[in-house]
Protein chains: 2
Amino acid sequence: MLQIIGIGPGKIGQMTASALEALKESDIIVGYSKYVELIGDEIAGKETYTSAMTQEKNRCLKAIELAKEGRNVAVVSSGDAGVYGMAGLIYELAGDNPGFEIKVLPGITAAVSAAAVLGAPLMHDFAVISLSDLMTSWETIEKRIRAAAAADFVICIYNPRSRKRADYLKKACEYMLEYKPADTKCGWVKNIDRDGEEYGICTLDELGGLDADMFTTIIVGNSSTKVVGGKLVTPRGYDI
Amino acid sequence: MLQIIGIGPGKIGQMTASALEALKESDIIVGYSKYVELIGDEIAGKETYTSAMTQEKNRCLKAIELAKEGRNVAVVSSGDAGVYGMAGLIYELAGDNPGFEIKVLPGITAAVSAAAVLGAPLMHDFAVISLSDLMTSWETIEKRIRAAAAADFVICIYNPRSRKRADYLKKACEYMLEYKPADTKCGWVKNIDRDGEEYGICTLDELGGLDADMFTTIIVGNSSTKVVGGKLVTPRGYDI
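What counts and how
- Residues numbered from 1 in each chain as written.
- Chains lettered and ligands numbered in written order.
- Predicted model: local features only at pLDDT ≥ 70, side-chain atom pairs only at ≥ 80, totals over all residues.
- Heavy atoms only, no water.
- Helix = DSSP H or I, 4+ residues; strand = E, 2+ residues; numbered from the N terminus.
- Contact = heavy atoms within 4.5 Å.
- Buried area = accessible area lost by both parts, 1.4 Å probe.
- Salt bridge = Lys/Arg side-chain N within 4 Å of Asp/Glu carboxyl O.
- Core = buried A, V, L, I, M, F, W, Y, C linked by side-chain atoms within 4.5 Å.
- Buried < 20%, exposed > 50% of the residue type's maximum accessible area, 1.4 Å probe, protein only.
- Least-squares fit on C-alpha atoms with pLDDT ≥ 70 in both.
- Axes fitted to C-alpha atoms, helices over the stretch in contact; angles between N-to-C directions.
- Parallel < 35°, antiparallel > 145°, perpendicular 65-115°, else oblique.
- Left-handed = near helix turned anticlockwise from the far one by under 90°.
- Nonpolar A, V, L, I, M, F, W, Y, C, P; charged D, E, K, R; others polar.
- Phe/Tyr/Trp six-rings, centres within 6.5 Å; stacked < 30°, edge-to-face > 60°.
- Pairing = 2+ DSSP bridges.
- Disulfide = S-S within 2.5 Å.

Quick notes on the side chain of E56 of chain A
1) Next: Among the structural elements, E56 of chain A can be located in helix α3 (residues 56-68).
2) Next: Apart from the residues within four sequence positions on either side, E56 of chain A is in contact with M86 and L89 of chain A together with Y238 of chain B.

Considerations on the interface of chain A and chain B
1) Next: Contacts between chain A and chain B engage 65 residues on the former and 65 residues on the latter.
2) Next: Of the roughly 5900 Å² buried between chain A and chain B, counting both surfaces, carbon and sulfur atoms make up 61%.
3) Next: It is E92, R144 and Y238 of chain A in chain A that bury the most area against chain B; as a group they hold 13% of the surface buried on that side.
4) Next: Viewed at the interface, chain B and chain A are joined by 6 salt bridges.
5) Next: In this structure, R144 of chain A engages D152 of chain B in a salt bridge whose closest nitrogen and oxygen atoms are separated by 3.7 Å.

Considering the nonpolar core
1) Next: The biggest cluster of nonpolar side chains holds 56 residues, and the ones touching the most others in it are M176 of chain A together with L131 and M176 of chain B.
2) Next: With residues up to four places along the chain from it excluded, the contact list for M176 of chain B reads I145, A149, I155, I157, L204 and V220 of chain B.

So, the relation of the copies chain A and chain B
1) Next: When chain A is fitted onto chain B, the two copies agree to an RMSD of 0.0 Å after a turn of 180° and an axial shift of 0.0 Å. The operation mapping one copy onto its partner corresponds to a two-fold rotation axis.
2) Next: Comparing interface residues between copies, 100% of those in chain A also lie at the interface in chain B; the contact surface is shared.

Considering the environment of M86 of chain B
1) Next: Mapped onto the elements of the fold, M86 of chain B is located in the loop between β4 (73-77) and α4 (87-94).
2) Next: The sequence separation of M86 of chain B and V104 of chain B amounts to 18 residues, and the corresponding C-alpha distance is 9.8 Å.
3) Next: If we skip the residues at most four places from it in the chain, M86 of chain B touches M123 of chain A together with E56, R59, C60, V75, S77 and A81 of chain B.

Section: the packing of helix α3 (residues 56-68) of chain B against α4 of chain B
Residue and element names in this part refer to chain B.
1) Next: In contact at an axis separation of 10 Å, α3 and α4 are set at 55° when each is read in the N-to-C sense. Judged on the interaxial angle alone, α4 and α3 are oblique. For α3 against α4, the interelement crossing comes out right-handed. Here E56, K57, C60, L61 and I64 of α3 come into contact with α4, specifically with L89, I90, L93 and A94.
2) Next: Tallied by class, the residues present in the contact of α3 with α4 amount to 7 nonpolar, no polar and 2 charged.

Looking at the pattern of salt bridges
All names here are of chain A.
1) Next: Within this structure, the stated rule accounts for 22 salt bridges over all chains.
2) Next: Here R71 makes a salt bridge to D27, at a shortest N to O gap of 3.9 Å. Here the residue R71 occupies a position in the loop between α3 and β4 (73-77), and D27 occupies one in the loop between α1 (17-25) and β2 (28-32), the gap between them amounting to 44 residues.
3) Next: Judged by relative accessible area, which is 22%, R71 ranks as partly exposed.
4) Next: Across the salt bridge formed by E178 and R146, the nearest N and O atoms sit 2.7 Å from each other.

So, unusual backbone geometry
Where the residue is not glycine, phi is negative for most of them; where a peptide bond is considered, it is trans in most cases.
All names here are of chain A.
1) Next: In the Ramachandran plot, Y84 falls in the positive-phi region, its phi being about 50° despite a non-glycine side chain.
2) Next: By the element assignment, Y84 lies in the loop between β4 and α4 (87-94).
3) Next: Even without a glycine there, the phi angle at D193 is positive, about 60°.
4) Next: Tracing the sequence through the fold places D193 in the loop between β9 (185-190) and β10 (198-203).
5) Next: Of the residues examined, D193 reaches a relative accessible area of 17% and is grouped as buried.

Concerning the packing of aromatic side chains
Residues and elements named next belong to chain B.
1) Next: With the rule as written, the count across this model stands at 8 aromatic pairs over all chains.
2) Next: The interplanar angle of 85° and the centroid separation of 4.8 Å between the aromatic rings of Y32 and Y35 together place this pair among those described as edge-to-face. Across the pair, exposure class does not vary: Y32 and Y35 are buried alike.
3) Next: Ring geometry for W138 and Y175: centres 6.3 Å apart, planes at 45°, overall tilted. A residue pair is termed long-range when its members are at least 10 positions apart, and W138 in helix α6 (residues 138-150) and Y175 in helix α7 (residues 168-177) qualify at 37 residues.

So, the sheet that holds strand β6 (residues 119-120) of chain A
1) Next: Taken in spatial order, the 3 strands make up an open sheet running β6-β13-β12 (chain A), and their pairing is mixed. What marks the edges here is a single partner per strand, and that holds for β6 and β12 (226-228) of chain A.

Looking at the pairing of strand β3 (residues 47-51) of chain B
Residues in a regular strand project their side chains so that they alternate between the two faces of the sheet.
1) Next: Sheet analysis places strand β2 (residues 28-32) of chain B next to β3 of chain B, joined by 5 bridges and oriented parallel. Paired with G31 of chain B across the two strands is T50 of chain B, which belongs to β3 of chain B.

Brief notes about the state of the cysteines
1) Next: Under the defined criterion, the tally for this structure stands at 0 disulfides over all chains.
2) Next: The thiol sulfur of C156 of chain A is not disulfide-bonded, and the nearest other cysteine sulfur, from C186 of chain A, lies at 11 Å.
3) Next: Left without a disulfide partner, C202 of chain B is nearest to the cysteine sulfur of C186 of chain B, which lies 5.2 Å away.
4) Next: A residue is classified by how much of its surface remains accessible, and C202 of chain B, at 12% relative accessible area, is buried.

Shape is all these values report; function is a separate question.
Below, the structure is given as structure tokens:
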């Protein structure tokens, strides 16, 4: 049995009870070392197999090998394992007849946890876009940013920047500014639910200058998004 | 204090520990009667204020009134309260100086819980679109469906059908078929994590004929989405 568990944004309280129970019942925990650290107290004494950020495929193969041996394996992903996480890669590598059960236990993905910190920006149709071009061409990313901006989606951006991609957020903002007004309300959250959590609200023309990192999630409002009581709020359309 | 709590798709095990704790510490629970029923065992003996599906504004006003009186109020929403839920309406109605603290406690939204049932279809950029035109013009909905389909997003559809909107899903599929191939892999889940949960995988040209209801969530794949071991999987782009 192989369970792919979304641990949520950070602290254990943001994990579901089902996910926590699956973790506790597993024999061995497989994951990126930082994520296994985050849940350390809950799995004290358990066997773990950890590796570095870039070793996703290696971890998935190891998890599959262990499940084939009959072990009860828990693979952990931050946020939700089904949103830019490990779930897809495991299904692909396990193939059509893995010989053991695979289950995804959902978690709170960054779009949702960032929205909760900022207020209620995702009350209407939204698009989730990653700016990482490690496995996606920048042309595809650009096309999606433009399409989402032109159709007035709220846009949630994952992986806005890394050392190699210092100007990607700035470029993404330039595309959005062709369709969305400069004073479109936006918000950002760093280290959601972890030590050093920070967040802020700004306008779209200010957003490109944000010192974002790989632990930052960004939400760009639609044409109705406003700031109420210091919170970012997208009205759904009720008469107020 | 007013806490807006996402209870997840159904059973209590899909709620976060923080959400459950907030529920237990609250004085009074406000919500749509069906959702309050779902969490009944956890809040046995607590005061509740429930009303019908269409009474959202009334419930929010009541919750705000109770919080102003100094009560510790928990408003419950299914899924996540920040995704087509109650959070935005509460912030709007509470205004700039409510005089009490408002907090959103995130939950597992249907896009994520449906994806987990189906496999791993949200591994790449996706758009979430509601087909409810109670508060959004059909023109806006149509524009967003077309934009998302043209830019090859995975598309997650909320509220695909109700009695008054019998042919909306069919129309949405017709728009998508102008941009996406007829054999695009899709999935649907009814009553996620509740009694009577059902799900299936089909192609985009079959999807329009689905007998969907208001408890159905639909995921339409992108050009890479495939079926592996009976699961719907969108590759992220790793070399397999």
